[in-house]
Amino acid sequence: MPAELALLHNLLLVGAALFGVGLVGFLCRRNLIVMFLAAEMMLQGVSVSLAAWSRYRNDFGGQVLVIFIIAVAACEAAVALALVTALFRRRGDLDVAVWDRLREANQPPFTEAPLPEQPGAAGESWPTLPPAGVAPAVPDEKVDYRRYV
Amino acid sequence: MPSAKTLLVVIPAMPLLAAALTAVLGPRLLRTRSHWPTVLGVAFSFAASLLLLFQVHQQVRAEKNATFPSVTLWQWVDVDSSRLAAARTAALVESTAEAGAPPAAKQGTFSINVALQADPLTCVMLAVVTCISLLVAIYSIGYMRGDRGYWRFFSYIPLFVFSMTMLVSASNFLLLYVFWELVGLCSYLLIGFWYQRPAAAAAGKKAFLVNRIGDFGFALGVFLLWTTYGTLNYEDLFGPHHLPYAREALGTAICLLLLAGACGKSAQFPLHVWLPDAMEGPSPVSALIHAATMVTAGVYLVARCLPMFREAPGVLHVVAIIGGGTALLGAIIAVTQTDLKRILAYSTISHLGYMFLALGTGTLLGAVAGMFHLVTHAFFKSLLFLAAGSVMHAMGGVIDIRRFSGLRRRMPITHWTFLFGGLSMAGVIPFAGFFSKDAILLSLAECSGGLIYQTLYWTTFGGIVLIVLYTFRPYFIAFFGPEKIPKEAGDHAHESPRVMTWTLVILAFVAFSVGMVLEWNHVLSDFLAATPSWTTLPLPPAPEVLAKEHLAIALQSSAAVLITLACTAALYLGTRRVIVARLTGLLKLVGIYQLSFGKFFFDQIYWLFIILPAEGFAALCAWADNHVIDGLVNLCGAVPRWFGAALRPLQGGLIQFYALSMAIGLLIMLFLLLL
Amino acid sequence: MKDSHTIWILATLLGSLGLWLMLPRGGRRGRLAGAALAVVALGLAASQTPRLGTWTAEGIFAALALVTVVAAAAAVTCRNPVYCAIWFGLTLLGTAGLFLLVGAQFLAAATVVVYAGAILVTFLFVLMLAQPEGKAAYDRASWEAMLSAVTGVVLIGVLSITVGGALTAPPPEAAPSAAAVQAGVLRPQHVAALGTELFGRHLIAIQIAGTLLLTALVGAAVIIAQGKNTKTDSINSKELKTDEE
């Protein structure tokens, strides 16, 4: 197989892998923000494929398309994150299951398994970000966390 | 002088205009003046009818085989049916090959014209109809005063007059059928005029439904006429050069089907049950529609088709037997009834039976006698109904003769006019009924039909006795004896307003004199004999022979009538009620009284054998409709719903579930496409 | 060819299992095993890829691809959304490297600047606003983890086999010569060439993209502002009501 074709081949595989892994993330994760992240990852997969084709075909069209993808992704991120913020304001939760009220009437909510009660075994370390506008110097225990998170 | 064609169009046009005007302007503008268009329009068409009658009469006197005026308004149906006609002719030739002479079916187009024609028969009918309509319309001004539906009444009446005049002047069977139905509709509307009363609404429905049975037969008869002859025009069927009539079974079938229609409309046995109930309508309606005009449409139809009936074997016997039987039946029932209007209704059924009987002889004498009786009956019966209406008006709606008596002092004009009508109906010389009744007897006596007509002659003779009895029994009970007024009458138990009494007086005069006028010099019979379709009927014997016979019959019948009148007076005048009671008891013992009082239980028999099974079937159908049909329909609706219910869990509202479905679908597509 | 398919199917199965084990499922059992399985699957897949010719190219590509794919898997499977975002940033860097490898310098720069610099930071901002604690039960559970993992990885497998089949069978057209490529997408004045292309052939599309960006900006602002307004409005109306009472 010629080198150029092999490069295309391998890049397409990487693109497919990014796309597939992003898909898995989008399907599985319950956090709205992580879902969007996974969606962006799928876009990256496509971008890689396009760039590879651009190189192989000796054509700028693929790269131009990637630029547009980046532009659209930026738009999407802006609007989607705004929406996430709005949704979060309403429910105080980033769990997508909160919005399954959009189901058909008289249908029970889909529950695969109960949520784990405790956030994991003891000793597991959780890096945290300080709440916006609060000085990070305040000890973690004293921060008045919202009940609903 | 307007031409006959103009008159022919004007006669129905004026009432139609009046009906439209009253219907449009009545409720808002005319209100209590709603009678003006009707009275003026009908008066106009009455005048036109008289002029037309005069013109046609002149024509008949002037030339032997006159062509009578006819006018084609427009062509209604025009279908090129040449191929159809050819097929029909072939079939007909095949079917009538063994049945004798095949009638030559007309080739070409099936075209129906809205055309009117005026032969003597039509002219006589027109004159009678418009005359009675005018008088009844004038009478109604007084009778219907203050009614909430005043304008409605006066828009129905001219509509009826329009329909009836069109019916008698139509020149083909299809047009006849249309207006046949339209008079039926008017009858329905006017019987149920006081539709808030359940009895009136039910009576209207009953009349309409019973008429449907007859009209169904009539419609089938018209269809069969067309398939047989290829034409529906009177000109082709009854004109001087008419088609040869189908004989044997086909001819009989056509005639019997037409007769079914006539029986329904003219309340003949076994379809007579609607007419007594039709008395729920206002009295003027009873007088106009259910005594004088609409119910005679059947008689007119039979008279119109008489030559065809003659040619079909056995049909005339059926007509005569139905007529005679109904005449006797009606008379027997009328004797024991207590409702004055119902007595008159049964007497109408009886008299219509006499008309059928006369036509059933199939001779010119009989045909003329039937029409003569139609004319005289129209006058005296409408007079009696209007007089009864006057009584009802005064008694506050009470019409049961057991509840009032001795009215002759309070209502002298009504009393006298009722007496005139009664004498005319009873056939007392020289009242109108005398002449027409004797004409019928004469036609029966002269008919060489064998034993059947002999029997019917004596039946009729017996019926005459009953006529006197049932006419004068209510008369004596209501107008003589101690004065008794029902409480419903209140303070208006007095003579009716002048507009009503004058109408009664005019009618009384006509009912008295019309027989003499028409019998004078055989005016009517000579005129009617010129009807194109009747020229083929067997002619009566020489006038000298006839006059002798006539005199004998007149003497016999007059003797019978006068003796019965005397007996009735003796029974019901004064204090001889004991004898009446004894006689009634005797009749009750035999069972005849119960039969008569129960109207021969026709309503009950029909209820048991027709209505009950039909209602059972309807209940079954309703059940099937509710459970089977609706069940199927609901099933059709439920299947998508079940399907939807099965799919609904998929709509979990969870966006990732949708995305997963999409991804799996995409994967399957990729598998199918790429691998 | 058949062997290659078998290996691909094996890689797919192992990858599915590994990814499933790595996904958050409440506990933390099997994560390492999953990672190992995934690495094995990755190795199997790598064994089926064609060589790029030179060792240098091979090495650079392998390193970038590994970083990208591993970071992607980590970004998807991490329990903590902040870690997810950081791993995603690494994926972006890997992608940018791949872009550089194919000579798309501007894309590499744009990816780093726009994605890693702007979008990712916005992600983190929102995470910070919405989920300061970082401990949420729902981050520890997945929807239909098995089915999703199998679907995604089978998709990768199918695409890989298809790509392999499509490119090893007689390719649709011969690749342009190296000289042509040097004069084309790899020419020295890369950004100038791309700019010419963008503002020449795709001028209207660029304008539309600009409009889209502006609209999205305004839209995002409106969404956020509206959310605020309704909240304050509701509070105001509540207060008004109590006042009336």
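Quantities reported herein were computed from a predicted structural model and do not represent experimental measurements.

Enquirer: An account of the overall build of chain C is needed here, citing residue identities and associated values.
Expert: Helix and strand content of chain C: nine helices and zero strands. In chain C, the succession of helices and strands from N to C terminus is α-α-α-α-α-α-α-α-α. Within chain C, the proportion of its 245 residues that are buried is 43%. Residue pairs in contact within chain C that sit at least 24 positions apart in sequence constitute 67% of those at least 6 positions apart.

Enquirer: I'd like a description of empty space enclosed by the protein, backed by residues and values.
Expert: In total, this model carries three cavities of 30 Å³ or more according to the counting rule given. Of the voids in this model, the largest cavity is the one considered here, and its volume is about 70 Å³. Lining the largest cavity we find B:His351, B:Tyr354, B:His373, B:Met425, B:Gly433, B:Lys437, B:Ile440, B:Thr460, B:Ile464 and B:Ile467. Only α15 (340–360), α18 (432–446) and α19 (451–479) of chain B provide two or more residues apiece to the lining of the largest cavity. A volume near 50 Å³ is recorded for the second largest cavity. Lining the second largest cavity are A:Leu27, A:Phe110, B:Leu654, B:Gln656, B:Phe657, B:Leu660, C:Trp143, C:Glu144 and C:Ser148. Partitioned by chemical class, the residues of the lining of the second largest cavity number six nonpolar, two polar and one charged.

Enquirer: A description of helix α6 (residues 173–191) of chain B should follow, citing residues and the corresponding values.
Expert: All names here are of chain B. Between its first and last C-alpha, α6 extends 26 Å over 19 residues, near the 27 Å set by a 1.5 Å rise per residue. Residues of α6 that are buried include every one of Phe173, Leu175, Leu176, Phe179, Trp180, Glu181, Val183, Gly184, Cys186, Ser187, Leu190 and Ile191, and no others. Two or three places before Leu174, at the opening of α6, Asn172 has a side-chain oxygen 3.3 Å from that residue's backbone nitrogen.

Enquirer: Kindly report on the nonpolar core, identifying the contributing residues and their values.
Expert: Ranked by size, the top nonpolar core spans 221 residues in total, and within it B:Leu52, B:Phe173, B:Phe309 and B:Trp534 carry the most contacts. Element by element, the count of residues in this core is highest for helix α16 (residues 364–394) of chain B, at 21 residues. Among all residues touching B:Phe309, those that are not within four sequence positions of it are B:Cys255, B:Leu258, B:Leu259, B:Val302, B:Val315, B:Leu316 and B:Val319. Ranked by size, the runner-up nonpolar core spans 101 residues in total, among them A:Leu81, C:Leu92, C:Ala96 and C:Leu155.

Enquirer: I'd like a description of the side chain of B:Ser350, backed by residues and values.
Expert: By the secondary structure assignment, B:Ser350 is in helix α15. Residues in contact with B:Ser350, not counting those within four places in the same chain, are B:Thr326, B:Ala327, B:Gly330, B:Ala331 and B:Tyr470.

Enquirer: Give a description of the pattern of salt bridges that names residues and reports values.
Expert: Residue and element names in this part refer to chain B. Going through the model one piece at a time under the given rule, you end up with 16 salt bridges over all chains. One salt bridge connects Glu280 with Arg197, and the closest N-O pair in it is separated by 2.5 Å. Note that Glu280 is positioned in the loop between α10 (274–277) and α11 (283–292) and Arg197 in the loop between α6 and α7 (198–229), a separation of 83 residues in sequence. The class for Glu280 is buried, based on a relative accessible area of 17%. Judged by its relative accessible area of 36%, Arg197 falls in the partly exposed class. Across the salt bridge formed by Arg342 and Asp339, the nearest N and O atoms sit 3.4 Å from each other. What you see here is one network of salt bridges that share partners, running through Arg197, Lys206, Asp277, Glu280, Asp339, Arg342 and Asp603.

Enquirer: Which residues make up the state of the cysteines, and what are the values?
Expert: Tallied over the full model, the rule gives zero disulfides over all chains. Lacking any disulfide linkage, C:Cys78 is separated from the closest cysteine sulfur, that of C:Cys84, by 5.2 Å.

Enquirer: Give a detailed account of the interface of chain C and chain A, specifying residues and quantitative values.
Expert: Interface size is commonly expressed as the accessible area that is lost once the parts come together. Facing 103 residues of chain C, the contacting portion of chain A comprises 92 residues. Contact between chain C and chain A buries roughly 9,200 Å² in total, counting both sides, with carbon and sulfur atoms accounting for 77%. Considering only the side of chain C, the residues that lose the most area to chain A are C:Phe123, C:Tyr138 and C:Trp143, jointly responsible for 10% of the buried surface there. At the boundary of chain C with chain A, the tally comes to zero salt bridges. Counting residues per element, the ones that place at least two in the side of chain C that touches chain A are α1 (2–22), α3 (55–77), α4 (81–101), α5 (105–130), α6 (145–168), α7 (178–183), α8 (190–200) and α9 (203–244) of chain C. Looking at which element gives the most residues to the side of chain C that touches chain A, the answer is α5(C), with 14 residues. Residue composition of the side of chain C that touches chain A, by class: 71 nonpolar, 21 polar and 11 charged.

Enquirer: Any chance you could break down the interface of chain B and chain C for me, citing the residues and the numbers?
Expert: Facing the 10 residues of chain B at the interface are 11 residues of chain C. For the pair chain B and chain C, the summed buried surface comes to about 910 Å²; carbon and sulfur atoms form 89% of the total. Linking chain B with chain C are zero salt bridges. Applying the counting rule to chain B against chain C returns one residue pair in polar contact (both at pLDDT 80 or more). Here the residues of the side of chain B that touches chain C are counted per class, giving nine nonpolar, one polar and no charged.

Enquirer: Account for the packing of helix α12 (residues 297–304) of chain B against α15(B), naming residues and giving values.
Expert: All names here are of chain B. Closest axis-to-axis distance for the α12/α15 pair is 10 Å, and the angle between their directions is 0 degrees. Taken together, α12 and α15 sit at an angle that is classed as roughly parallel. On α15, the residues that touch Gly298, Val299, Val302 and Ala303 of α12 are Leu352, Met355, Phe356 and Leu359. Class assignment for the residues of the contact of α12 with α15 results in seven nonpolar, one polar and no charged.

Enquirer: For the packing of aromatic side chains, give the residues involved together with the corresponding values.
Expert: Residue and element names in this part refer to chain B. Summed over all chains, the structure comprises 32 aromatic pairs over all chains. Here the aromatic rings of Phe173 and Tyr234 are separated by 5.4 Å at their centres, their planes lie at 85 degrees, and the arrangement is edge-to-face. With a gap of 61 residues between them, Phe173 in helix α6 and Tyr234 in helix α8 (residues 234–238) connect regions that are remote in the sequence. A residue is classified by how much of its surface remains accessible, and Tyr234, at 4% relative accessible area, is buried. Three or more aromatic residues link up through ring pairs in this structure, and these residues are Tyr150, Phe153, Phe154, Tyr156, Phe193 and Trp194. The ring of Phe193 carries the charged tip of Arg152 above its face, separated from the ring centre by 4.4 Å. Above the plane of the ring of Phe208 lies Arg212, whose end atom (NZ or CZ) is 4.6 Å from the centre.

Rules behind the numbers
Residues numbered from 1 in each chain as written. Chains lettered and ligands numbered in written order. Predicted model: local features only at pLDDT ≥ 70, side-chain atom pairs only at ≥ 80, totals over all residues. Heavy atoms only, no water. Helix = DSSP H or I, 4+ residues; strand = E, 2+ residues; numbered from the N terminus. Buried < 20%, exposed > 50% of the residue type's maximum accessible area, 1.4 Å probe, protein only. Contact = heavy atoms within 4.5 Å. 1 Å grid on protein atoms, 1.4 Å probe; cavity = no way out; pocket = protein on both sides within 12 Å on 5 of 7 lines; lining within 4 Å. Points joined across faces, edges and corners; volume = space filled by probe spheres on them. Nonpolar A, V, L, I, M, F, W, Y, C, P; charged D, E, K, R; others polar. Expected span 1.5 Å × (residues − 1). Polar contact = N/O pair within 3.5 Å; in protein donor to acceptor, adjacent residues only side chain to side chain. Core = buried A, V, L, I, M, F, W, Y, C linked by side-chain atoms within 4.5 Å. Salt bridge = Lys/Arg side-chain N within 4 Å of Asp/Glu carboxyl O. Disulfide = S-S within 2.5 Å. Buried area = accessible area lost by both parts, 1.4 Å probe. Axes fitted to C-alpha atoms, helices over the stretch in contact; angles between N-to-C directions. Parallel < 35°, antiparallel > 145°, perpendicular 65-115°, else oblique. Phe/Tyr/Trp six-rings, centres within 6.5 Å; stacked < 30°, edge-to-face > 60°. Lys NZ or Arg CZ within 6 Å of the ring centre and 35° of its normal.

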